[in-house]
Amino acid sequence: MSAEAATAPVGRSLASPTTESAGAKLLLIVLGLGFLALFLVIPLFAVFAEAFRNGVAVYFEAFEDPDTQAAIRLTLLVAAIAVPLNIVFGLAASWAIAKFEFRGKSFMLTLIDLPFSVSPVVSGMCYVILFGASGYFGPWLDKHGIQIIFAVPGLVLATVFVTFPFVARELIPLMQEQGTSEEEAALSLGANGWRTFWSVTLPNVRWALLYGVLLSNARAMGEFGAVSVVSGHLRGLTNTLPLQVEILYNDYNFVAAFAAASLLAGLGLVTLVIKSLLEWRYGGEISSKHRK
């Protein structure tokens, strides 16, 4: 008899840690799967079904619209600017919070979580108040020929606001769990701060950083509320792909609207697949580092 069996309480099964009946477990599983199917799987399936309703040829014709092409290019541009900014901020904020003790640390964590609790529309309005024509800095910006609202800079600012927690929130728990022992060892061996960061800190968090980048990129490309406020809805100029979906739908161009929506949905699915593959491939490596 094994040691675990010898020390187990009499009458308690070693096969299951819970006491729910088989019927209760089945009910919970059915409820969970039913919820996922009703609110996630079926709606996503409906989007792709509507997009391909009239055939593959019509589906790809929807992307020949110049405004849709401009929206795709603008979406990629905004994400290409916002995501690197989030990487820099996420690394700096997580490093400061996890590796140092300073006054205002809890307040900084609260600010990082702020976009999760504030409506994206409110964040867009904040930038309009600051940089709009009638805003605090609007007259000065107009005098110097600088346009932020109803232009690419405003879209980038709004996107950065709603996406910057993703990288930091992936890195902070991992850095806190790893502690500072490895960095202190590197410093004691003569490495400077930058060398320690590139050789010790960054390799230890590279997979968490990649997870955060994937999530941040998917949210940046799919953001609607904040960019809707600061964009001005100028067709072919300031409409990102989510805004173009709304315009096409309101114009009763349903096939093109669902085709553009399927592109965004496909991006989200690809992001989840890549994240799952990385977790499957490198999850053991990350767990072993945590145990150390």
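Each remark here, short or long, concerns the structure printed above.
Source: prediction; values computed, not measured.

Cut-off values and rules
- Residues numbered from 1 in each chain as written.
- Predicted model: local features only at pLDDT ≥ 70, side-chain atom pairs only at ≥ 80, totals over all residues.
- Heavy atoms only, no water.
- Helix = DSSP H or I, 4+ residues; strand = E, 2+ residues; numbered from the N terminus.
- Buried < 20%, exposed > 50% of the residue type's maximum accessible area, 1.4 Å probe, protein only.
- Contact = heavy atoms within 4.5 Å.
- Areas by Shrake-Rupley, 256 points an atom, 1.4 Å probe, with all protein chains shown as cover.
- Salt bridge = Lys/Arg side-chain N within 4 Å of Asp/Glu carboxyl O.
- 1 Å grid on protein atoms, 1.4 Å probe; cavity = no way out; pocket = protein on both sides within 12 Å on 5 of 7 lines; lining within 4 Å.
- Points joined across faces, edges and corners; volume = space filled by probe spheres on them.
- Nonpolar A, V, L, I, M, F, W, Y, C, P; charged D, E, K, R; others polar.

(A) Seen up close, the overall build of the protein chain. A tally of helices and strands in the protein chain yields 13 helices and zero strands. For the protein chain, the α and β elements follow one another from N to C terminus as α-α-α-α-α-α-α-α-α-α-α-α-α. Buried positions account for 36% of the 292 residues belonging to the protein chain. Within the protein chain, counting contacts between residues at least 6 apart in sequence, those at least 24 apart form 72% of the total. Of the roughly 17200 Å² of accessible surface on the protein chain, 68% is carried by carbon and sulfur atoms.

(B) Main features of the pattern of salt bridges. Throughout the structure, instances matching the rule amount to five salt bridges. In this structure, Arg 169 engages Asp 113 in a salt bridge whose closest nitrogen and oxygen atoms are separated by 2.8 Å. A residue pair is termed long-range when its members are at least 10 positions apart, and Arg 169 in helix α8 (residues 152-178) and Asp 113 in helix α5 (residues 105-117) qualify at 56 residues. Arg 169 sits in the partly exposed class, given a relative accessible area of 30%. Judged by its relative accessible area of 26%, Asp 113 is partly exposed.

(C) Region of the structure containing the layout of surface pockets. Each pocket or cavity is described by its volume, and for the largest pocket that value is around 190 Å³. Contributing to the lining of the largest pocket are Phe 131, Gly 132, Ala 133, Gly 138, Leu 141, Asp 142, Ile 146, Gln 147, Ile 148, Ile 149 and Phe 150. Residue contributions to the lining of the largest pocket peak at three residues, all from helix α7 (residues 138-143). Its residues placed into classes, the lining of the largest pocket shows seven nonpolar, three polar and one charged.

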